[in-house]
Structure formats: C-alpha cells, structure tokens
Amino acid sequence: MAAASAVRTVGRRSRRIFDIFVAEVPWTVSSKELKEYFSQFGSVQRCQLPFDKDTGFHRRYGWIKFSTLQEVQNVLQKDSHILEGAKLTLKQQSRRRRSQRRNQSE
C-alpha cells in the first residue's frame with residue numbers, strides 16, 4: 001500500500017508545471033530569442049509570448065515553462081536578466097495542470 005502511495009506522489013510531482021512569468025520584454029525580442037536566453041538555465045519546455053491582434057506585436061509579457069523546479073530556481077538566482085538593454089521582470093508561477101486540480105476537488 002505504501003508503494004502505491006509513493007507512486008501516486010511521484011506522479012503528482014511529474015504533472016506539475018513550472019512557469020516563470022516574464023514582463024517588460026522588449027517588443028523587438030522574439031519568442032525564439034527569449035527561449036534561447038532562458039535555455040542557459042535549463043531545458044525550456046515552452047516559451048509563450050501572446051500577440052495583440054490589432055498591432056501584430058507581442059504584448060511585452062509571456063511565460064517560460066521549465067520541467068523542474070531546480071531550473072526555475074536557477075533562473076531566479078540571477079539578480080537581473082537583461083535583453084536588448086531592457087531589464088526583465090520575473091515572477092515564479094508553480095501550478096498544477098487543470099485536469100489534476102479538477103480531480104482533487106471532486
């Protein structure tokens with residue numbers, strides 16, 4: 001019984017998503033450049049910069065998804081992150097996938 005519980009716990013941990021919210025992204029920086037920059041801290045699973053349909057430019061904020069908490073901590077340990085002369089603002093966002101949250105509330 002304890003082994004099954006341990007397996008469930010490990011499964012829960014593996015379903016966590018480790019995101020960093022990034023603000024003040026220069027409009028000249030692409031998602032590819034942002035992903036390349038953050039790759040020095042770990043394996044970037046996803047880089048998302050939402051675009052404004054009216055202007056065609058991104059909204060100067062986005063999310064970087066890492067697979068582990070350690071990779072997020074690697075990013076946050078650095079005092080400042082500067083791209084194209086602009087200092088990025090970062091905030092850690094650790095959350096669980098929606099399907100997992102739904103299952104726990106039932």
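Bear in mind the structure is a predicted one, so any value in this text is a computation, not a measurement. (Residues numbered from 1 in each chain as written. Predicted model: local features only at pLDDT ≥ 70, side-chain atom pairs only at ≥ 80, totals over all residues. Heavy atoms only, no water.)

1. A short note on the overall build of the protein
Part 1: Secondary structure assignment for the protein yields four helices and six strands.
Part 2: When the helices and strands of the protein are read in sequence order from the N terminus, they spell out α-β-α-β-β-α-β-β-β-α.
Part 3: Counting every position in the protein, which comprises 106 residues, the buried fraction comes to 30%.
Part 4: Considering only intrachain contacts with a sequence separation of at least 6, the fraction spanning at least 24 residues in the protein is 66%. (Helix = DSSP H or I, 4+ residues; strand = E, 2+ residues; numbered from the N terminus. Buried < 20%, exposed > 50% of the residue type's maximum accessible area, 1.4 Å probe, protein only. Contact = heavy atoms within 4.5 Å.)

2. Comments concerning helix H3 (residues 69-77)
Part 1: Among all positions in H3, only Glu 71, Val 72 and Val 75 are buried. Down the axis of H3, the buried set is contained in an arc of 100 degrees. They therefore lie on one face. (Arc of directions from axis to C-beta.)

3. As for the side chain of His 58
Part 1: Looking at the element boundaries, His 58 is found in the loop between strand E2 (44-48) and strand E3 (61-66).
Part 2: On the accessibility criterion, His 58 (7% relative accessible area) is buried.
Part 3: A polar side-chain atom of His 58 sits 3.2 Å from the main-chain carbonyl oxygen of Pro 26.
Part 4: Within the structure, the side chain of His 58 is placed 3.5 Å from the backbone oxygen of Trp 27, a separation counted as a polar contact.
Part 5: Aside from chain neighbours lying at most four places away, what touches His 58 is Val 25, Pro 26, Trp 27, Val 29, Leu 49, Pro 50 and Phe 51. (Polar contact = N/O pair within 3.5 Å; in protein donor to acceptor, adjacent residues only side chain to side chain.)

4. Here we look at the environment of Ser 67
Part 1: Mapping Ser 67 onto the fold places it in the loop between E3 and H3.
Part 2: You can call Ser 67 partly exposed: its relative accessible area is 37%.
Part 3: Taking C-alpha positions, Ser 67 is 7.3 Å from Val 44, a pair spaced 23 residues apart along the chain.
Part 4: Among all residues touching Ser 67, those that are not within four sequence positions of it are Phe 18, Ser 43 and Gln 45.

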